Amino acid sequence: MFRFLVRRTLGAAVILLIISALVFVLFYAAPRDPARIACGKVCTPETLALVRKNLGIDHPLPVQYWEWLKGLFVGRDYTSFGRCDAPCLGYSFQSREPVLSTILDRFPTTISLAIGSSVVFLAFGIGTGMLAAVKQGKAVDKIASSASLIASSMQIYVVGVLATYVLVDQWHVLDRASYTPFTDDPAKWAQGLLVPWLVLSLIWTANYTRMTRSQMVEALSEDYVRTARAKGLSRRTVFFRFAWRGAMGPIVTIFGLDLGVLLGGAIITESTFSLQGLGMLSVKAVSTNDLPMLLGVVLVAAAAIVVFNIVVDALYALIDPRVRIA
């Protein structure tokens, strides 16, 4: 197991390095010049050169990337900002604030949105899927399958607006979406994120319902499940000890990827509800050609996906006894 984790960690580091290099190159393929944007309307060649130097983009592309990469491990010195200690992701071209501190300020919003919605859609999605598998072919199964198909066809930016209009503006049963730090007021934190949780969970619950049902139906028809039944084990034991564990492997895999994506920034959800998380931060970075901020957000999102992939692979051996990591 230890060798497996070391090997996967080294592979993850290579993947993150490649992703950062690709983002760096693609940024410079954009038609807009960040230095000219920061320079303002009245911009002389001398002022433009000074802005380029202050932003650290007055060197060739390979040199800029190498300096950025070194900043992650040993820190970096800036002409205008001074010393940036490791891990240094640079300074924003727009706000002139450290990228790392800005990401850390926005991350609690995104992680609150991701964790809260995950709890809801896992509970309802897996529960409904298991019930549909047990009642295969009956009314409950047909209703659950039809409802999940309809819900998975919906879009967050449509459902979010409708939910806000009905639940908040018309019925006044829920609060408008907002973020309050959990440490300040846990109750207000949950109330402000309840509508985004429900909207995001509606679509993801549908996906997990269909996936859980199909995996459970397949697992219930396996030979080892039929053998367990033939030995006289109770229906509950057969269902949870054998069929459920066999069906959870693919679901855990998909959940690891989904949670990594959510932690990287649920862009559409945050934009719909005006939540200032990593998703909104990345949209702003793209629209303003803010390379350091964009690189930082992409690196965090990629790291979340890679880390959860490693965790999922390690959990396989615990979930499914047929899988062992050598």
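As a reminder, the structure under discussion sits directly above these lines.
Parameters and conventions
- Residues numbered from 1 in each chain as written.
- Predicted model: local features only at pLDDT ≥ 70, side-chain atom pairs only at ≥ 80, totals over all residues.
- Heavy atoms only, no water.
- Helix = DSSP H or I, 4+ residues; strand = E, 2+ residues; numbered from the N terminus.
- Buried < 20%, exposed > 50% of the residue type's maximum accessible area, 1.4 Å probe, protein only.
- Contact = heavy atoms within 4.5 Å.
- Disulfide = S-S within 2.5 Å.
- Core = buried A, V, L, I, M, F, W, Y, C linked by side-chain atoms within 4.5 Å.

**Student:** I tried to follow the side chain of Gln64 on my own but got confused; where do I start?
**Tutor:** With respect to the helices, strands and loops of the structure, Gln64 is situated in helix α4 (residues 61-74). Since its relative accessible area comes to 5%, Gln64 is described here as buried. Look past the residues within four positions of Gln64 in its chain and what remains in contact with it is Phe24, Tyr28, Gly56, Ile57 and His59.

**Student:** Please clarify how the environment of Phe24 should be interpreted in this entry.
**Tutor:** One can find Phe24 in helix α1 (residues 2-28). In sequence terms Phe24 and Ala247 are 223 residues apart; their C-alpha atoms lie 41 Å from each other. Each residue touching Phe24, except ones within four places of it in the same chain, is listed here: Leu61, Gln64, Tyr65, Trp68, Leu291 and Leu295.

**Student:** Teacher, can you tell me more about the state of the cysteines here?
**Tutor:** The bond known as a disulfide is covalent and runs between the sulfur atoms of two cysteines. In this structure the tally under the stated criterion is 1 disulfide. Note on cysteine connectivity: Cys84 is disulfide-linked to Cys88, with sulfurs 2.2 Å apart. One disulfide, between Cys84 and Cys88, carries an S-S torsion of 110 degrees and so falls in the right-handed class. When its relative accessible area of 1% is taken as the criterion, Cys88 is described as buried.

**Student:** Could you clarify how one ought to interpret the nonpolar core in this entry?
**Tutor:** General note: in soluble globular proteins, nonpolar side chains tend to be found buried as a group. In terms of nonpolar packing, the biggest core is built from 41 residues, with Val195, Val199, Trp204, Tyr208, Met216 and Leu262 touching the most fellow members. Contributing elements (two or more residues each) for this core: α5 (99-134), α7 (156-170), α8 (186-220), α9 (223-230) and α10 (235-264). When residues in this core are grouped by element, the largest group, 13 residues, is from α8. Not counting the four nearest positions on each side in its chain, Tyr208 is found in contact with Phe121, Leu122, Gly125, Ile251, Ile254, Phe255 and Asp258. Formed by 31 residues, the second largest nonpolar core is a distinct cluster that contains Leu16, Val51, Leu278 and Ala285.

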